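# Summary of structural features
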Amino acid sequence: MRYNEGAGLDTSDVRDLRGSGRGLGGGRGVAVGGGGLGLVGILVLVLFQVLGGEGGTGAGLGGGLSGLGSGQTADNGQLAESCRTGADANESVDCAVVADIDSIQDFWALALGEAYSRTDTVFFSGSVQTSCGGATSGSGPFYCPADQLVYIDLSFFDQLQQQFGAQGGLFVNAYVIAHEYGHHVQNLLGTNRRVTPGETGPTSGKVRLELQADCYAGAWANHAETVPDESGQPLIAEITDDDIARALDAAGRIGDDFIQENLGGGTVDQDAFTHGSSEQRQRWFRTGYVSGDPRDCDTFATDDLG
């Protein structure tokens with residue numbers, strides 16, 4: 001993956017909380033994605049109320065909340081100084097993620113028009129307070145509908161390679177971010193309300209929600225080299241076949257079956273699925289990538305999830 005060196009980066013869609021001490025906090029709401037890319041379900045259940053769980057306020061909530069707990073302050077000064085152009089994105093993971101966020105949101109603004117509202121990604125380190133409750137780095141990246149923010153500790157990208165055995169790379173990182181923004185799109189469109197609270201299993205609404213977010217990530221990837229920024233030029237200059245293969249490799253390593261067998265108890269329990277199997281996740285990312293049309297990502301309208 002390569003970024004357009006002359007393109008300008010906009011850090012205004014990022015809230016950088018790294019470097020300040022924050023303890024876990026309370027809060028209400030329901031985190032969507034539950035770690036976003038399929039970390040072991042137990043970790044998520046400890047940290048967040050499950051979709052529609054006791055005390056939750058639902059996944060279809062509007063914005064208006066700051067998403068910052070007491071004592072949390074965002075300082076983008078250093079990020080804005082370091083991440084100015086696509087050349088910086090080619091040299092720095094932080095700046096590459098900034099470029100990814102810009103491109104993904106530009107795509108959805110074009111695809112949905114006035115129905116799309118831009119939102120921020122919160123960079124945190126260690127722990128963070130959200131309107132969906134407190135989280136640690138172990139929860140993985142996630143989207144909180146209650147404050148309409150994406151949250152990520154960028155060390156997750158290292159974890160994806162070291163713990164899950166993924167090949168990794170800049171485009172894999174972009175896939176992670178695009179998946180979470182897929183949850184934001186679902187929240188804006190009200191898709192969250194189609195999920196039965198507490199339901200799990202290979203055809204559950206929770207799995208359908210996650211597979212659709214994978215498909216949305218693929219649809220963005222199809223257009224990433226042509227989506228114009230405010231200056232009219234694309235931020236992303238090249239996505240290679242190797243990049244797509246790496247994304248599919250990552251999708252295969254964050255399926256429920258792979259995680260249960262390799263990082264859990266060793267036994268696959270389909271009734272406990274919340275994100276979909278490895279094959280399903282690969283299929284729906286590929287569906288979005290080949291088509292490029294988010295309308296082909298309606299996982300709720302098919303009996304064949306793969």
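Anything mentioned here points back to the structure above.
Residues numbered from 1 in each chain as written. Predicted model: local features only at pLDDT ≥ 70, side-chain atom pairs only at ≥ 80, totals over all residues. Heavy atoms only, no water.

## Points about the overall build of the protein chain
Threshold: By the criteria applied, helices consist of DSSP H or I runs no shorter than four residues and strands consist of E runs no shorter than two, each listed in order from the N terminus. Throughout this description, buried means an accessible area under 20% of the type-specific maximum (1.4 Å probe, protein chains only), exposed means over 50%, and partly exposed covers the range between. Only the protein chains shown count as cover for residues, and the accessible areas themselves come from Shrake-Rupley with a 1.4 Å probe.
When helices and strands are tallied, the protein chain shows ten helices and eight strands. Within the protein chain, the proportion of its 306 residues that are buried is 54%. On the protein chain, roughly 11,800 Å² of surface is accessible, and the fraction owed to carbon and sulfur atoms is 45%.

## Regarding the side chain of Thr119
On the secondary structure map, Thr119 appears in the loop between helix H4 (93-112) and strand S3 (121-123). Overall, Thr119 belongs to the buried group, its relative accessible area being 7%.

## Digging into the sheet that holds strand S7 (residues 149-152)
Paired through backbone hydrogen bonds, the strands of a sheet run either parallel or antiparallel to each other. Convention followed: Pairing between two strands is assigned when DSSP locates at least 2 bridges connecting them. Axis lines are fitted to C-alpha atoms, over the contacting stretch for helices. Their N-to-C directions set the angle, which ranges from 0 to 180 degrees.
Pairing within the open sheet is mixed, and its four strands lie in the order S2-S3-S7-S6. The two strands at the open ends of the sheet, each matched to only one other strand, are strand S2 (14-16) and strand S6 (142-144). Adjacent strand axes in the sheet meet at a mean angle of 25°, parallel and antiparallel pairs treated alike. Across three bridges, the pairing between S2 and S3 is parallel.

## Looking at the pairing of S7
Going residue by residue along S7, you find Leu149 and Tyr151 tucked away on one face and Val150 and Ile152 tucked away on the opposite face as well. For S3 and S7, the ladder comprises three bridges, and the chain directions are parallel. Across the sheet, the residue bridging to Val122 is Tyr151, located in S7. Summarising the sheet, S6 and S7 pair through three bridges and their orientation is antiparallel. Within S7, the position partnered with Cys144 by the bridge is Leu149. Counting the residues in the hairpin turn of S6 and S7 gives four residues, including Gln148, whose phi is positive at 55°.

## Re the pattern of salt bridges
Here is the rule we go by: In the sections that follow, a salt bridge refers to a side-chain nitrogen of Lys or Arg positioned within 4 Å of a carboxyl oxygen of Asp or Glu.
One pass over the structure, following the stated rule, counts 13 salt bridges. Its salt-bridge partner being Arg18, residue Asp16 comes within 2.8 Å of it at the nearest N-O pair. Note that Arg281 is salt-bridged to Asp214, the shortest N-O span being 2.8 Å. On the criterion of sequence distance, the pair formed by Arg281 in helix H10 (residues 278-291) and Asp214 in helix H7 (residues 205-223) is long-range, its members being 67 residues apart. Comparing Arg281 with Asp214, the two get one shared label, buried. Sharing partners across several salt bridges, the network here consists of Asp13, Asp106 and Arg118.

Everything listed here is a matter of coordinates, which is why it stays silent on function.
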